[in-house]
Every structure is written in structure tokens, then in C-alpha cells.
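# Report on the structure
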Amino acid sequence: MTTLFNKAIDDNKYPDSLKLTKVIELYKSKDKTLPANYRPISLLPIIAKVLDIIINKQLMSHLTTHNIISPTQYAFRPNSNCKLALQTIIDKIVKHKTQRKPTLAIYIDLSKAYDTVSHSKLIDKLKNEFNFTPSTVAFFESYFQNRQQSVHTQYAQSNTQTITHGIPQGSTLSTTFFLLYINNIIRTVPNSKVYTYADDTTLIITTNTMTELQTLAQSELNNLIKYFHKNNLVPNPTKTQYTIFYPRRTTDNPQLKINDTEIERTIQAPLLGIMMQDILKHDQTITKIIRKLQPIIQKFRYANKLLPTHIMKQQYYSLAYPHLIGEIEIWGTDQANNTQLQPLIRTQKKLIRLVKNLPPRTHTLPLKVELEILGLPELYTLRTSIGMHEHVYPQERKNRPEHNHSYIETNTVHSYSTRHSQQATLHQTYDMNHFTKKYTKIWNGLPKELRETKEIGPFKRKLTRHLLDKQIRDLNELD
């Protein structure tokens with residue numbers, strides 16, 4: 001395979017035998033007779049996916065080394081994730097709201113973004129915007145030429161046809177192509193800020209008055225729509241929404257339009273796995289998580305009568321745990337008595353009782369200690385501290401996207417000794433960003449030995465043990 005891959009790269013020709021895509025359907029919801037209610041899933045040859053991974057690794061190394069990827073693109077790149085994008089977006093909104101500046105966010109929905117990418121436009125960008133060498137451009141031209149696709153269902157199979165638009169989903173190389181395709185989107189809105197996570201586009205606009213907000217929002221939105229149309233991308237006005245964060249109770253709604261269609265104002269909108277509310281709280285996100293956990297609770301009620309405890313614990317970590325930690329750094333807190341968090345804390349307690357097949361009113365703290373399961377406040381501390389560690393002790397991070405994680409140690413602030421200077425704590429100021437301030441407080445609350453652990457592996461293990469021991473101490477205090 002190495003010989004064949006090297007030959008393909010040397011000849012600047014992607015093998016035709018690796019360009020055949022099989023598309024199958026996956027039912028989503030509603031009427032099963034409507035094709036629109038099925039999600040197409042692309043299945044690529046395994047060898048093609050291996051080759052794409054190798055090429056993408058070299059391509060991404062070039063892009064990060066030369067700081068090419070847009071600073072406001074958070075998807076499919078090293079040292080980035082949804083959490084970092086959400087932190088940056090919310091920090092910006094909170095800052096403007098604190099300054100009492102009229103602020104809104106527009107969540108732009110693109111219809112089948114990957115399927116409408118123009119091959120010719122993408123190749124032209126690689127050649128003229130990114131200055132790829134002629135041999136590299138020739139190889140990527142070959143990648144898209146004569147690419148075939150057929151659709152398979154349970155009952156029928158379509159004829160094989162040539163793909164003239166779109167990038168093959170299911171390949172790591174395709175995601176990088178899309179990042180490059182919209183890499184210059186940041187230049188389209190010079191007076192605002194546009195954040196992207198692949199095709200999820202969030203436009204943040206702030207001004208000094210509501211009148212200015214209306215004018216600027218429509219102008220910046222028009223610029224984005226023109227950019228999308230120029231690049232064969234199709235905005236969906238019926239699914240595009242906007243939220244006003246300040247002043248929240250205003251009745252002076254900006255009349256924002258995409259072409260001739262007015263977009264809807266909403267008090268909450270889905271964004272990267274959470275519900276963005278105009279009050280900047282997270283009760284709707286927590287409600288959504290609880291709703292996802294309800295079917296798992298029902299399964300546990302039957303499963304615990306058949307499976308031993310250690311298997312039920314594995315099921316807890318496989319099925320429930322991912323929902324409990326998903327973006328917990330955004331919506332969570334280390335305060336166990338937080339009103340907003342109480343419904344989810346009760347839901348987690350239900351799950352823990354079901355793992356042991358115990359009655360509904362059984363006290364759960366002894367069960368957490370026995371099973372070594374962390375409660376939600378402890379999970380928040382764990383995930384937040386792990387996320388902070390890479391910023392407190394940064395490795396070489398090239399082309400990292402925009403973020404607000406800027407920390408300094410207390411002992412570097414003054415040349416003279418202070419009572420906190422020898423404690424390895426992080427310096428706090430009143431003007432820190434929303435999440436930076438919260439995370440600094442969590443970090444400073446950890447034992448000094450933990451804060452001074454520079455290797456991430458030992459840090460995770462020590463921190464987990466510290467939080468489990470904290471639960472044991474809490475149980476002993478109750479006794």
C-alpha cells in the first residue's frame with residue numbers, strides 16, 4: 001500500500017478505483033415515504049480513507065505551521081473543539097452585554113453545504129489563494145475528476161453517476177477542503193465577528209444604539225449572503241434565526257431579511273450542542289440533556305434485573321456519561337445547590353441507583369463512593385481543570401483558533417513576595433472574561449500539588465483521585 005500510495009502522489013493522480021462512493025439512507029424522523037426524512041451516508045473504500053488520512057495529515061501540518069486556517073474557524077483542526085468555540089462566542093456576548101451595548105447573534109443555516117461545493121472554485125482557491133504548487137493542485141484536481149456515486153436502499157440501487165459538485169463526506173480530507181473553501185469568510189464582515197464550526201456560522205453584531213444595530217446587522221448579513229452565493233453555498237432563511245441579547249426586552253425588533261424572506265427572532269437557538277438563550281442561562285440545555293437521558297433510564301430499569309453491577313456501571317459510562325459531560329464546562333457549575341442544575345443532579349442520582357438496582361429514595365453519596373462515580377459538580381471541576389491545564393502549561397500550539405484563555409501566575413505579577421505568590425495560583429482581575437474568571441477560581445481551588453503537575457496524564461489521574469477522595473470525606477462528615 002505504501003508503494004501504491006507514493007506512486008499516486010508522485011504521478012499526481014488519485015486512483016480512479018478509490019473514487020467510487022456508495023450512499024446508503026438512514027431514517028431520521030416523520031414520514032418514512034418522504035426522501036427528505038432520510039440522511040444520506042457516504043461509504044468510501046477503506047483504502048481510500050487510509051490514503052486520505054495520510055494526505056490530510058501532511059496538508060494540516062502545512063496549514064498549521066504557516067498559520068493559514070482562519071482564527072475564527074474551530075472545526076476539524078488541531079487544538080480546537082466545540083467547547084472552545086462556545087467559550088469564545090459567549091465571552092464576547094457577555095462582554096458587550098456588560099457594556100450595555102445592543103448586541104445580537106445571527107445563526108445562519110446552510111442547506112447541504114458539503115454537497116454544493118464547486119470543484120472548480122475549490123481548485124482555483126488552492127491555486128490562487130493558498131499558492132499550492134502545480135503538482136499539488138494537479139493531484140487534487142485528479143481527486144475530484146471522474147468521482148462516481150451510487151445510492152443503495154434495502155429495495156433498490158441507482159445507476160452509477162459522476163459527481164460534479166460536492167466533496168465526499170466520510171473522508172478527513174473532505175473536511176479540510178471545506179475549511180479552505182470558506183477560509184476567507186472572516187473578511188466579509190469587517191465591522192462584526194463571524195465564527196464558524198465547519199458550516200455552522202454565527203454572526204455577532206454589536207453597536208451603540210438599536211437603530212445602528214438594525215442597519216449594521218442587515219448590511220453584514222447581506223455581505224455574508226453574497227459571499228455564500230458566490231461560493232455556491234445556499235443559506236436557508238426558514239432555519240436561520242437571530243437572538244437579541246441586549247436590550248433583551250426590547251420590542252423594537254430589527255427586520256432582518258435573507259433576500260425577501262424575513263428571518264425569525266428567537267429567545268433561544270441550538271448552537272454546537274447547547275441551547276443559546278437570550279438570558280445567557282442554560283436551563284434549556286439541561287432540560288435537553290435530561291430528555292436524552294430518559295430513554296436510558298428506561299433501559300436501565302430492565303437491564304439491572306439481568307446484568308451484574310460491574311456491567312451496569314460500564315453501561316452508565318457508555319450511554320449516560322457522554323451526555324453528562326458534553327459541554328459541561330459551558331453549562332455546568334461546581335455548586336451542588338445550584339437551582340438550575342438540580343433537575344440533572346436528580347436524574348444522575350436515578351441512574352446511579354439503577355446501576356445498583358436500589359429503591360428510589362436510597363441515599364446516593366455512599367453509592368458514588370462505592371462505584372467511584374463522580375457527581376456533576378465534581379465532573380465540572382474535573383473537565384474544567386483538564387481543559388485549563390493545556391493553557392496553563394502550553395505545549396507548542398501552532399495556529400490555534402481565537403480564544404480568551406490567557407492566564408498568568410500570581411508570583412509573576414509582582415517582584416515582591418505576597419501571601420499568594422508561593423501558592424502556584426493564577427492571577428485574577430475584575431476585568432477578566434466570563435469563563436476565564438470562572439475557570440481561574442476552579443483552578444485556584446485545587447491543591448498546590450495538583451496545580452504544579454505539568455504532565456497531563458498524571459494530572460488527570462491525581463485530579464480524579466482527589467475528587468473521589470473529596471466524596472469520601474463528604475460521606476464521612478455526614479456519618
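Residues numbered from 1 in each chain as written. Predicted model: local features only at pLDDT ≥ 70, side-chain atom pairs only at ≥ 80, totals over all residues. Heavy atoms only, no water.

Three or four residues apart is the spacing at which side chains of an α-helix point the same way, because the helix has 3.6 residues per turn. Along its length, helix α9 (residues 309-325) shows its largest kink, about 40°, at Leu-319, and proline Pro-322 lies within four residues downstream of that point. Looking at α9, one finds that the buried residues are Met-312, Tyr-316, Ala-320, Tyr-321, Leu-324 and Ile-325. The inward-facing, buried residues of α9 contact α8 (283-303), α10 (328-331), α11 (342-356) and α13 (376-392). One or two positions beyond α9, positive phi appears at Glu-327, with a value near 55°. (Bend = angle between axes of the 7 residues up to and from the residue. Helix = DSSP H or I, 4+ residues; strand = E, 2+ residues; numbered from the N terminus. Buried < 20%, exposed > 50% of the residue type's maximum accessible area, 1.4 Å probe, protein only. Contact = heavy atoms within 4.5 Å.)

Right, let's get into the sheet that holds strand β5 (residues 161-162). What the four strands build is an open sheet, ordered β2-β1-β4-β5; its pairing is mixed. Both outer strands of the open sheet, β2 (38-43) and β5, are each paired with one neighbouring strand and no more. As paired strands, strand β1 (residues 20-27) and strand β4 (residues 148-152) are joined by five bridges and run parallel to one another. Its bridge partner being in β4, Thr-21 is matched across the sheet by Gln-149. (Pairing = 2+ DSSP bridges.)

If a strand is regular, its side chains alternate between the two faces of the sheet. Judged by how many residues are buried, strand β6 (residues 193-197) sits mostly within the fold: four of five residues are covered. Relative to strand β7 (residues 200-206), β6 runs antiparallel, the two being bridged by five bridges. The partner of Lys-193 across the bridge, within β7, is Ile-204. Between β6 and β7, which pair antiparallel in sequence order, lie two residues; one of them, Ala-198, sits at a positive phi of approximately 60°.

Here we come to the environment of Arg-400. Tracing the backbone shows Arg-400 in the loop between α13 and α14 (434-444). Linking Arg-400 and Tyr-14, residues 386 residues apart in sequence, is a C-alpha distance of 31 Å. In this view, Arg-400 contacts Arg-77, Asn-79, Leu-84, Glu-390 and His-391; residues no more than four positions away in its chain are not counted. Here the side chain of Arg-400 touches Glu-390 through a polar contact of 2.4 Å, side chain to side chain. (Polar contact = N/O pair within 3.5 Å; in protein donor to acceptor, adjacent residues only side chain to side chain.)

Worth remembering: the numbers are spatial, not functional.
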